[in-house]
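# Commentary on secondary and tertiary structure
Here's the letter readout for the chains.
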Amino acid sequence: MRSFWKRHSQPYLFLAPAVAVMLFIVLYPFLYNVYIAFSNMSLYHLRDLEFVGLKHFRTILSEPAIWAVFGKTILWTVVNVVSHLVLGVGLAVLLNQQIKGRAIFRALLILPWAMPQYITALTWRGMFNYEYGSINLGLKAIGLSPIPWLASEIGAFAAPVIANIWLGFPFMMIIALGGLQSIPKELYEAADLDGAGWWFRLRKITLPLLKPVLLPAAILGTIWTFNNLNVIWLITNQGEPADKTHILVTYVYKAAFHYYRYGYAAAFSLVIFVILLSFVLAFLRAGKERTR
Amino acid sequence: MAGIILRNLTKSYGKGEPVLEGINLEVHDQEFMVLVGPSGCGKSTILRVVSGLEDIDDGEILIDDRVVNDVPPRDRDIAMVFQSYALYPHMTVYENIAFGLRVRKHPKEKIDGLVREAADTLSLSSMLEKRPGQLSGGERQRVALGRAIVRKPKVFLFDEPLSNLDAKLRVQMRAEISALHERLRITTLYVTHDQVEAMTMGERITVLRDGLVQQVDKPMGLYSNPANRFVGEFIGSPPMNVLPARWTGTELQVGESRIPSTPETITLLANHVGREVFVGVRPELVEIQSEGEGLPARVELVEPMGGESNIYLTMGGRRLIARVDGLPSLRMGDDVRIRMPAGQAHFFDHETERRII
Amino acid sequence: MSREGNRLRIVKSVVIHVALVLFTMAVIYPILQVISISLRPGDRLYSTSLALIPDGATLHAYYAIFFEKPFLLWLRNSLLVSITVTIIGVALASTSGYAFARFRFPGHGAGMLGFLVSQMFPATMLLLPLFILLSKIGMIDAIPGLVIAYVATALPFCVWTMKGYYESIPVELEEAAMVDGTTRAGAFWKITLPLSAPALMITALFSFMTAWSEFMVARVIIQSQNLYTLPLGLESLAGTFQTEWANYSAGAVVVCIPVVALFLILNRYLVSGLTLGGVKG
């Protein structure tokens, strides 16, 4: 025992403050969340908690509305991440060439990411306003009829998607730019000599060599998009119309803090976490296999 | 009396093979002791253990007759020069050298005096305000030395300090370090994998292999009386020729040929009549003749080194190296005769590879 | 190169340029919108004009937020929270990152995995229990409660970044310091930390940004108006039924200036910083 301490005292002392903090504000809440998930905690049952077993989980898996929310979340995530990647990589490829004013473009195109999300979300909400938002004003100006963005179910889903694509592509762009810079020029020169066109170069050189850099970024992006509260919440104004535009995380947030269904929300959080974890693991495994 | 005594040092990493197995070693006060051996022999480990940067599983370490097993590096009164010099990149040369003194809270004027004195000794006075990034390899090396000598410690530890320098600089620094030792007379433990470095710098040399001490002796002692085949082959450049042979009792039978021997050898090898042995002959003692008496061999390569030449030969399927003066008129493919004086050969036991005579 | 090939190249270049310019203009349009709205005079708030510089542009909204609205109060609260989170975040990340980088100890692998996994927690996973726990100990609707929540969110990434950076500093430097006369902690303080300045800056920036620009967590924990941070305050201006758009936009512009400025300055280090510690996974 003493030699264990002697050998390991230093790292543990260095870690002690952080570990104490992490234990109290990460691990303990996490375990407490699990505890709540199996209880009937809500606004009416704050102190007199009962163990309800898997009741919440059963509710979650059986409500049809929830499957719709789940589907929307998947759609939300996929559309966003794919758009981010396509836009980000495309722009990075363009910007990696000798373009005049490259630095200015880069600086300007980063701005959506640089600004605080809540501000940009609120701004986009304003832009999607039926009467006075600039998007509909613009549509009217070119002779098209205005779209009821935030009042219809589809519109209220499309609006945050558009806004989030705008928000998220800079991150991918930056990552892709960094990755592009590490691709040796000789590869392109060799391809040129062989008479390869730009599409071929993109598919056979650029994309494969970008993959190791893009994969972690894509995973991060997926996690962030899947878990994004700000955009949907603020643009659809808490799930309007009629709570139909929720994704999983906003739905849980509302359940917890507006409907006070604490036990239910805690259980739901766990479910979301497990879903996300499985996705990421599957993603990683798929990525690894293809490189083999 | 600032000697180093190692008693029964044992160390393993995790559950693997032990890196050090019961090492016993004594470095005398003011001595320049070199630890030499191939990679993985444990020499760097011994150094790090003496420095206190790593622990041992068993045994004792004494510096200046004080057991220091549980004493942290900063209290052992030692200084160390690392292979990569480990200069603090964010400090000037002056601050690098002064660091150890500042940490120990010496008064400012005293520090200044000591730093300048050390810088002067190593011709660094003009570079005190520069940063390591602006210095050449040799200059960085000297700053590392300056940092070590300024505290006037009891023991110097060197961890292959010259490996990162080019050949010419290496020779130059060797001389400088030896001269420094002559001046300061501080007990030094010096680790290297280069046996030439060991031979030129060491007052005594410890040859290590696989965590065990092979031999401790003065340079010439290792050269003339290697304790086993490994030491014989390791020390000396070009390396000693070692051939399997049979001792008939009166002559040495190497392959098909026989080499006559001296009366002393016959007496000394009395117990090994009829047995297999390894015989070692230094390249300088191998004589080459175009014809006449001797063992038949064929020239494979002639390597002129200037004042001398290395001749690579094959004899009975075995490789031999001979060293001769000047440049003989030999060519690749020539058939020649070799003579090896058995009286000056080294004999090693066939199984233990230990020296017989 | 043939004249045709040359012409093709020029056409291609022009097309790319034009496309980029159009795209970039579309991208920065929302930002310009915010500035534009902030300049709108009071009687034209609900305008249907698409002009970027409105008729009768005025800086009244900026005056209003500073002197008529509690913008400075929100600013004070945000600064308080953000700076505290930054200090705590850097202190904790620099020490624990060091332990993970330099030592092997039981719990090392689990710890690293834990950091990674915690990145995947949905927002409510920690928020809900933290909310309940903080309520129980009376730290709800208080600045310290918010600080705690933010540190919990930002810490894993910061530890990861610091660990990655420490691994690029040779151990020999610390060993030399220990032989020279420092303890391990002394070597950390005098040698490792000064050399880790870039990573420390990234950690500080990330912690600060997390706290400064965060809305959803603050909304749950803070209820009293006098404790509103900037995000909460601004959102109240862009409320559901009555939108003080001009004031809100003015506030948004003011909030974004330092953030964007910092971002642009550190633009260069973004890529290297991200690949150094975090993204490599």
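Residues numbered from 1 in each chain as written. Chains lettered and ligands numbered in written order. Predicted model: local features only at pLDDT ≥ 70, side-chain atom pairs only at ≥ 80, totals over all residues. Heavy atoms only, no water.

Right, let's talk about the side chain of Thr229 of chain C for a bit. Its place among the elements puts Thr229 of chain C in the loop between helix 10 (216–221) and helix 11 (230–237). Residues in contact with Thr229 of chain C, not counting those within four places in the same chain, are Trp74, Asn77, Ser78, Val81, Leu146 and Ala218 of chain C. (Helix = DSSP H or I, 4+ residues; strand = E, 2+ residues; numbered from the N terminus. Contact = heavy atoms within 4.5 Å.)

All right, on to the pairing of strand 14 (residues 276–281) of chain B then. A regular strand places its side chains so that they alternate between the two faces of the sheet. All names here are of chain B. Counting buried residues along strand 14, five of its six residues qualify, which places the element largely inside the surrounding structure. With six bridges joining them, strand 11 (residues 241–247) and strand 14 adopt antiparallel strand pairing. Bridge pairing links Asn241 to Val281 in strand 14. In the sheet, strand 14 pairs with strand 20 (residues 346–349) via four bridges, with the strands oriented antiparallel. (Buried < 20%, exposed > 50% of the residue type's maximum accessible area, 1.4 Å probe, protein only. Pairing = 2+ DSSP bridges.)

Another point: the interface of chain C and chain A. The interface is formed by 81 residues belonging to chain C together with 87 residues belonging to chain A. Here chain C and chain A share zero salt bridges between them. Along the contact surface separating chain C from chain A lie 10 residue pairs in polar contact (both at pLDDT 80 or more). In terms of residues, the side of chain C that touches chain A owes the most to one element, helix 1 (residues 3–38) of chain C, which gives 14 residues. When the residues that make up the side of chain C that touches chain A are grouped by side-chain class, the tally is 62 nonpolar, 14 polar and five charged. (Salt bridge = Lys/Arg side-chain N within 4 Å of Asp/Glu carboxyl O. Polar contact = N/O pair within 3.5 Å; in protein donor to acceptor, adjacent residues only side chain to side chain. Nonpolar A, V, L, I, M, F, W, Y, C, P; charged D, E, K, R; others polar.)

Turning to helix 7 (residues 171–180) of chain C, a few remarks are in order. Most of helix 7 of chain C is tucked away, with eight of its 10 residues classed as buried. Considering only its buried residues, helix 7 of chain C is in contact with helix 1 (43–51), strand 6 (78–81), helix 2 (93–103) and helix 4 (137–149) of chain B together with helix 3 (71–102) and helix 8 (184–195) of chain C. With its phi angle positive at about 140°, Gly181 of chain C sits one or two positions after the end of helix 7 of chain C.

A word on the pairing of strand 9 (residues 204–209) of chain B. All names here are of chain B. Most of strand 9 sits out of view: five of its six residues are buried. Sheet analysis places strand 9 next to strand 10 (residues 212–217), joined by five bridges and oriented antiparallel. Opposite Val207, over in strand 10, you have Gln215 as the bridge partner. Taking the residues that link successive antiparallel strands as the turn, the strand 9-strand 10 hairpin has two residues, and the phi of Asp210 there is positive, at about 50°.

The next subject is unusual backbone geometry. Residues and elements named next belong to chain B. Cis geometry is found at the peptide bond from Ser237 to Pro238, where omega equals -5°. With respect to the helices and strands, Pro238 occurs in the loop between helix 8 (229–234) and strand 11. The residue Asp210 is not glycine, and still its phi comes out positive at about 50°. Looking at where Asp210 falls in the secondary structure, it is placed in the loop between strand 9 and strand 10. Even without a glycine there, the phi angle at Glu353 is positive, about 65°. Along the chain, Glu353 falls in the segment after strand 20.

A few words now on the packing of aromatic side chains. Describing an aromatic ring pair means giving the distance of the ring centres and the angle of the ring planes. Here the structure, examined in full by the defined rule, presents 35 aromatic pairs over all chains. Measuring from ring centre to ring centre gives 4.7 Å for Tyr88 of chain B and Phe99 of chain B, while their planes differ by 55°; the resulting arrangement is tilted. Of this pair, Tyr88 of chain B sits in the loop between strand 6 and helix 2 while Phe99 of chain B sits in helix 2, placing them 11 residues apart in sequence. Comparing Tyr88 of chain B with Phe99 of chain B shows no difference in burial state: the two are buried. One cation-aromatic arrangement involves Arg261 of chain A over Tyr264 of chain A; the distance from NZ or CZ to the ring centre is 3.8 Å. Here Arg147 of chain B stacks its cationic end above the ring of Tyr88 of chain B, 4.7 Å away from the centre of that ring. (Phe/Tyr/Trp six-rings, centres within 6.5 Å; stacked < 30°, edge-to-face > 60°. Lys NZ or Arg CZ within 6 Å of the ring centre and 35° of its normal.)

Residues and elements named next belong to chain B. Reading across from one edge, 2-1-4-5 is the order of the four strands in this open sheet, with antiparallel pairing throughout. Looking along the sheet, the strands with just one partner apiece sit at the ends: strand 2 (18–27) and strand 5 (66–67). Bridge count between strand 1 (residues 4–12) and strand 4 (residues 58–63): five bridges; the pairing is antiparallel. Across the sheet, the residue bridging to Leu6 is Ile61, located in strand 4. Against the sheet, helix 1 contacts strand 1, strand 2 and strand 4, and its axis sits at roughly 115° relative to strand 1. (Axes fitted to C-alpha atoms, helices over the stretch in contact; angles between N-to-C directions.)

All names here are of chain B. The strand order across the open sheet built from five strands is 15-19-16-17-18, with neighbouring strands paired in antiparallel fashion. One side of each edge strand has no neighbouring strand; the edge strands of this open sheet are strand 15 (287–289) and strand 18 (318–325). Looking at each pair of strands side by side, their axes are set apart by 45° on average, direction ignored. With eight bridges connecting them, strand 17 (residues 308–315) and strand 18 associate as antiparallel partners. Of the residues in strand 18, the one forming a bridge with Tyr312 is Ile321.

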